[in-house]
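Next come the chains, spelled out residue by residue.
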Amino acid sequence: MVEIEMVTLTGTQQTALVTLYGKALESRRPDSILADRQADKAVQRIDYDFSRLRVRRRDQKSAAVRSKAYDGWVIRFLNTCPECVVLHLGCGMDTRVYRVDPPGTVGWYDIDLPDVIELRRRLYPQRSGLHTIAASVTDPRLLDAIPGDKPVLVVAEGLTAYLCAADGVAMLRRVTEHFPSGEMVFDGYSRAGVWVLQRYPPVKAAGAQLDWSINDPHSLEKAVPGLVFDSEWWFGNAHEIERHYGWLYRQLLRVLFRITPIRRLGRGLRYHFGHPGA
């Protein structure tokens, strides 16, 4: 018999259920992009009215496309640095560690607020190398208990807009000071992008407040010593677009993503510091 878990997440933490539910529904499709079976299992065990989150079908697919891209970044880094630390900041209910299945030489840290981490511990199985930390990602003491003698990969999908700029920059600085080298991948929304995201139905339903916008990705190079901007990723670049979206939609994306302000509404940003491959 499946054990049912009660959920009481509210506000910003409730948005963790939005992406979890979207990925679970997407994984049930025969042509699933993400095939997130662990997310589907979790949703089946949660006693919660998911209809209140207002997750649309296109939300399910877009969440899967974005997470697939982030998974690809993680896998490439692990192939280069199999002995490293992964900081999954603001992990929410994401099941990336199970999808990526890192080797035992990786110290993987899923980090989020206490209510989210408690739910993760109830729903997800323990595995070698996996650690969970119940704390704010902006806590100045967050890294104190994490070894800083190996390269680090920082993954923060769907997090930055929920932070204020000063806290976010301070968080990145602490990472570059604590570790000898590494890479960072996270979302970057322009000011207009944050405005649009604030009005996104699931975000409105959760009552979450957004703040940090990143218009020019090079601005973080000035704010965080040693940080070097590498590349941007746009939804229209995803390989899955060709197979899972219609011809007309693909042509529309190609036109829209030629316009810089539209491209920067929301995209993935990749940075490095030190020499992570060394």
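What comes next is a walk through the structure. All figures in this text were calculated on a predicted structure; none of them were measured in a lab.

**A few points about helix H5 (residues 114-123)**
1) Next: Every buried residue of H5 is accounted for by Val116, Ile117, Leu119, Arg120 and Leu123. One side of H5 carries all its buried residues, which in axial view fall inside an arc of 160 degrees.
2) Next: The elements touched by buried residues of H5 are strand S1 (5-6), helix H1 (11-27), helix H2 (37-45), strand S2 (46-47), strand S4 (107-112) and strand S5 (130-134).

**A closer look at the sheet that holds strand S7 (residues 182-188)**
The pairing of strands in a sheet happens through backbone hydrogen bonds and is either parallel or antiparallel.
1) Next: Spatial ordering of the open sheet is given by S5-S4-S3-S6-S7-S9-S8, a layout of seven strands whose pairing is mixed. Among the strands making up the open sheet, the edge pair consists of S5 and strand S8 (228-233). On average, each strand axis in the sheet is tilted by 20 degrees relative to the strand beside it, whichever way the strands run.
2) Next: Against the sheet, helix H6 (residues 165-178) engages strand S3 (85-89), strand S6 (152-156), S7 and strand S9 (267-273), with an angle of about 165 degrees to S7.

**Some thoughts on the pattern of salt bridges**
1) Next: Within the structure shown, the criterion is met by 22 salt bridges.
2) Next: Between Arg29 and Asp31 there is a salt bridge, and its shortest N-O distance comes to 3.6 Å.
3) Next: In this structure, Asp59 engages Arg56 in a salt bridge whose closest nitrogen and oxygen atoms are separated by 3.0 Å.
4) Next: For Arg56, a relative accessible area of 28% corresponds to the partly exposed category.
5) Next: If you follow the salt bridges from partner to partner, you end up with Lys23, Asp36, Arg66, Asp71, Asp94, Arg96, Arg99, Glu157 and Asp187 in one network.

**Brief notes about the environment of Ser51**
1) Next: With respect to the element layout, Ser51 can be found in the loop between S2 and helix H3 (57-80).
2) Next: In the structure, Ser51 is positioned 30 residues away from Tyr21 in sequence and 9.8 Å away in space, judged by C-alpha atoms.
3) Next: Among the polar contacts listed, one links the side chain of Ser51 to the side chain of Asp49, at a separation of 2.5 Å.

**Quick look at the pairing of S4**
1) Next: For S4, a buried count of six out of six residues is recorded, marking the element as mostly surrounded by other parts of the structure.
2) Next: A two-sided burial pattern is seen for S4, the buried positions comprising Gly107, Tyr109 and Ile111 on one face and Trp108, Asp110 and Asp112 on the other.
3) Next: Note that S3 and S4 share five bridges and pair parallel. Counterpart to Val85 in the pairing with S4 is Gly107.
4) Next: Alignment of S4 against S5, held across five bridges, turns out to be parallel. From the neighbouring strand, Asp110 faces S5, where its bridge partner is Thr132.
5) Next: As for the winding sense of the linkage, the β-α-β connection from S4 through H5 to S5 is right-handed.

Thresholds applied
Residues numbered from 1 in each chain as written. Predicted model: local features only at pLDDT ≥ 70, side-chain atom pairs only at ≥ 80, totals over all residues. Heavy atoms only, no water. Buried < 20%, exposed > 50% of the residue type's maximum accessible area, 1.4 Å probe, protein only. Helix = DSSP H or I, 4+ residues; strand = E, 2+ residues; numbered from the N terminus. Arc of directions from axis to C-beta. Contact = heavy atoms within 4.5 Å. Pairing = 2+ DSSP bridges. Axes fitted to C-alpha atoms, helices over the stretch in contact; angles between N-to-C directions. Salt bridge = Lys/Arg side-chain N within 4 Å of Asp/Glu carboxyl O. Polar contact = N/O pair within 3.5 Å; in protein donor to acceptor, adjacent residues only side chain to side chain. Right-handed = clockwise from strand over helix to strand, strands pointing away.

Geometric values such as these leave the question of function open.
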